[in-house]
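A look at the structure
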Amino acid sequence: MTSSLHRLTVLGLAIAAVSVGTPAAAQLGRFLPGRGYSVDGERGSMLSQVDPAEISQRLGSGTGLAFADEAGNRGEHHGLRLRMPQTEAAIAAMIQQMDTVWPHDPRRPVQVHILASGFYAPTALPDGSILVPLGLLIQVETDDELAYILAHEMSHVRLGHFADDQGFRQQRQTGQRLGQAYSIAATLYQMRADASGGGFRTYQADPAQAERERARAAAAANALNVMVNVFAEPAWARSQEDQADALAFDLSEAVGFNGLAGADSAFGRMEADFDLRRSTAVAMEAQLNETAQEALTESNLAAALNGGAGSVVEGLLGSFARRGARRGFQLASGYFGQRHRPPEARSEGLSTYADEAYPDRSGFMDTRDTALLEMRASNEFQQAVIAVDAMQAAQERRLAGDVQGALVEISRAQATSFGRAPAILNAAAAIHADAGDFDEADRLYSQAHTQDDDSLEGHVAHVQMLMRAGRRDRARQVIQQGADRYGGGELGEKAFLPSLIAISLLDGEEQQGIRYLQRCMAYAEESLSRDCTIAATSPGDPQRYDSLSPEARFEIDQTVRTNRTAGADTGFGGLGDAVNSISNLFGRTN
């Protein structure tokens, strides 16, 4: 159990043995002096300062509540979810106890979803869900700490902080850009340039090595996606964080928890968790650089810089050489820029608030751990620890390129009572696909699809695996199953459009592929438009794009250009600009 607990505190994202820390002095240096605590305890408790009319006005327009119903904001569809009825009930009871103190219209009930992750910090979603990593329940030391950090996330929901969704959307788009950048870097790795005869063409190099690197890239892309789209907290304003800190104190103390002791512990562990995520992101940047740089030997770089590229992929390679290779991937570390005050400053601000708002509060309150010990004693919890430990050990092996070791580790997770959880089945399927066992991967993905907790992302990963295996008819079947399950629009059609574009063009259905591309562009969403443009221009298979009819290539180019003219912020204005925009992505610093 000790080794499992230790492993879960670091998530298992060891990437090419790269580890970069962030000194405390550097963290402190990010904050301007004189930035005081924004909640004035002399005006009374935060609970008493809440203006329900203001919250109702923000949410009354429907923007915030509509945002809560969008696909990515619903905890019930989360791919890492573990169903743990006993543990969820204990956490829900703690939240409900504190929620009874909230005197205003809650609008939405708070839901608890436990995730198969070793990270510490939970995350609130606009639909009222609180995503609780198993790592939080392993690392907290007291009921007071657990109550405080859960109350903090609940406070964001109750105070209507999701009503202003622009920052949240921008953050998600940045996360999607990161995933796209890694996909392109992995594509570049699989290519080599040949400058013989004065020409410049690309071809697949060393298929076995390319496949091994593709598998490592896929593992890192999965880990990166989890980090930036799940565990990177919303870009709250500093005042919103202060409000959530203060209200969490009010709610937890009102039902007998030691709010200050809980907050002190939570702030320190949140900072450590944040540093872990950031250092892992920096390590990913190092691997991004390594992966992409491998695609360019000195001779290849010279050829790329000399121009002569005749296809979109060659243009991508040359443009990357000019713009990206020398600048590096300063993406993920910027994404994880510090948002909170340091723990000491947060504790000091909250302590001052508590003294002012509660002058008669006793400074001596016992802490307790009764609920926590009962939770951890259950067989359900013990099995979950083993399962998540094995999942993350398998992830480590994948990142290191050790597919056989990953298969051994994931089998431990499959042997637990959570072996049929979609999170584990999908992880096992991905590893079997890495090993070239596409039949078993297909079977495992299909088994996950029969579970209520399976996610849209699981279907998308299944489709991508089938396309890699050349099983396009089967991929079409899975797309149809996903569309039937999740419906069209936000949950269904959009997720599969890039794959439908690629499948149609591969099957010689040029006009159908172009119609899918036009439908994709009609959504006028930056990240989706990028994915669809990349699918249409086929950077992973230059021969396919070059084999399209001139008329089809012209229509693809015009579709992308028209989309930009219409005002969609895709970053693409024709295929030439697409290449430049993709390579610009590698040099983006924020």
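Everything in this summary refers to the structure shown in the same document. Residue positions within a chain follow its written sequence, with the count starting from 1. Restriction of local features to residues with pLDDT of at least 70 applies here, the model being predicted, together with a cutoff of 80 or more for giving and counting side-chain atom pairs; totals for whole chains, interfaces and linings are based on all residues. Side-chain metrics in this entry use all non-hydrogen atoms of the structure; hydrogen atoms and water are not considered.

1. Re helix α11 (residues 238-254)
Rules: Helix numbers and strand numbers start at the N terminus; a helix is a DSSP run of H or I with at least 4 residues, a strand a run of E with at least 2. Given the number of residues in a helix, its expected span is that number minus one, multiplied by 1.5 Å. Three exposure classes are used, based on accessible area relative to the maximum for each residue type with a 1.4 Å probe and protein chains only: buried under 20%, partly exposed in between, and exposed over 50%.
For α11, which comprises 17 residues, the first-to-last C-alpha distance of 24 Å matches the rise-based estimate of 24 Å (1.5 Å per residue) to within 8%. Of all 17 residues in α11, 14 are buried; the element is thus mostly enclosed. Looking one or two residues past α11, G256 carries a phi angle of roughly 100°, positive in sign.

2. Quick word on the state of the cysteines
Under the convention used in this document: To count as a disulfide, a pair of cysteine sulfur atoms needs to be within 2.5 Å.
Evaluated as defined, the whole model comprises 1 disulfide. Residue C520 pairs covalently with C532 via a disulfide, S to S 2.1 Å. Across the disulfide from C520 to C532, rotation about the S-S bond amounts to roughly 95°, and the bridge is consequently right-handed. You can see C520 sitting in helix α25 (residues 510-522) and its partner C532 sitting in helix α26 (residues 526-537), a full 12 residues away along the chain. The class for C520 is buried, based on a relative accessible area of 0%. Relative accessible area serves as the criterion here: at 0%, C532 is assigned to the buried category.

3. Description of the nonpolar core
Put simply, the rule is: What makes a nonpolar core is a set of buried Ala, Val, Leu, Ile, Met, Phe, Trp, Tyr and Cys residues whose side-chain atoms join them at distances within 4.5 Å. Working rule for contacts: check all heavy atoms of both residues, and any pair within 4.5 Å makes them a contact.
Grouped together as the largest cluster of nonpolar side chains are 108 residues, with contacts concentrated most on I91, M98, L134, L137, L146 and L150. Every residue in contact with L150, bar those within four places of it in the chain, is listed here: I91, M94, I95, M98, I130 and V132.

4. Digging into the packing of helix α22 (residues 456-468) against helix α23 (residues 472-486)
As a reminder of what qualifies: For helices, the fitted axis covers only the stretch in contact; all axes are lines through C-alpha atoms, and the angles between them, taken along N-to-C directions, range from 0 to 180 degrees. Our angle categories are set so that under 35 degrees counts as roughly parallel, over 145 as roughly antiparallel, 65 to 115 as roughly perpendicular, and the remainder as oblique. Throughout this entry, Asp, Glu, Lys and Arg are counted as charged residues, while Ala, Val, Leu, Ile, Met, Phe, Trp, Tyr, Cys and Pro are counted as nonpolar. The remaining residues, Gly among them, count as polar.
The geometry of α22 relative to α23 is characterised by a closest axis approach of 8 Å and an angle of 170° between their N-to-C directions. With respect to their mutual orientation, α22 and α23 come out roughly antiparallel. Contact residues: L456, H459, H462, V463, L466 and M467 in α22; R474, A475, V478, I479, G482, R485 and Y486 in α23. The class makeup of the residues in the contact of α22 with α23 is 8 nonpolar, 3 polar and 2 charged.

5. Some thoughts on α23
Just so we agree on the cut-off: The directions from the helix axis to the C-beta atoms form the arc being described.
The terminal C-alpha atoms of α23 lie 21 Å apart, and with 15 residues this matches the ideal 21 Å at 1.5 Å per residue to within 8%. The complete set of buried residues in α23 reads A475, V478, I479, G482 and Y486. Down the axis of α23, the smallest arc covering the buried residues is 105°, so these residues share one side. Facing away from the buried side of α23 by over 90 degrees, the exposed positions are D473 and D484. If you follow the buried residues of α23, they end up packed against α21 (438-449), α22 and α24 (493-506). Once α23 finishes, G487 follows within two positions and takes phi at roughly 80°, a positive value.

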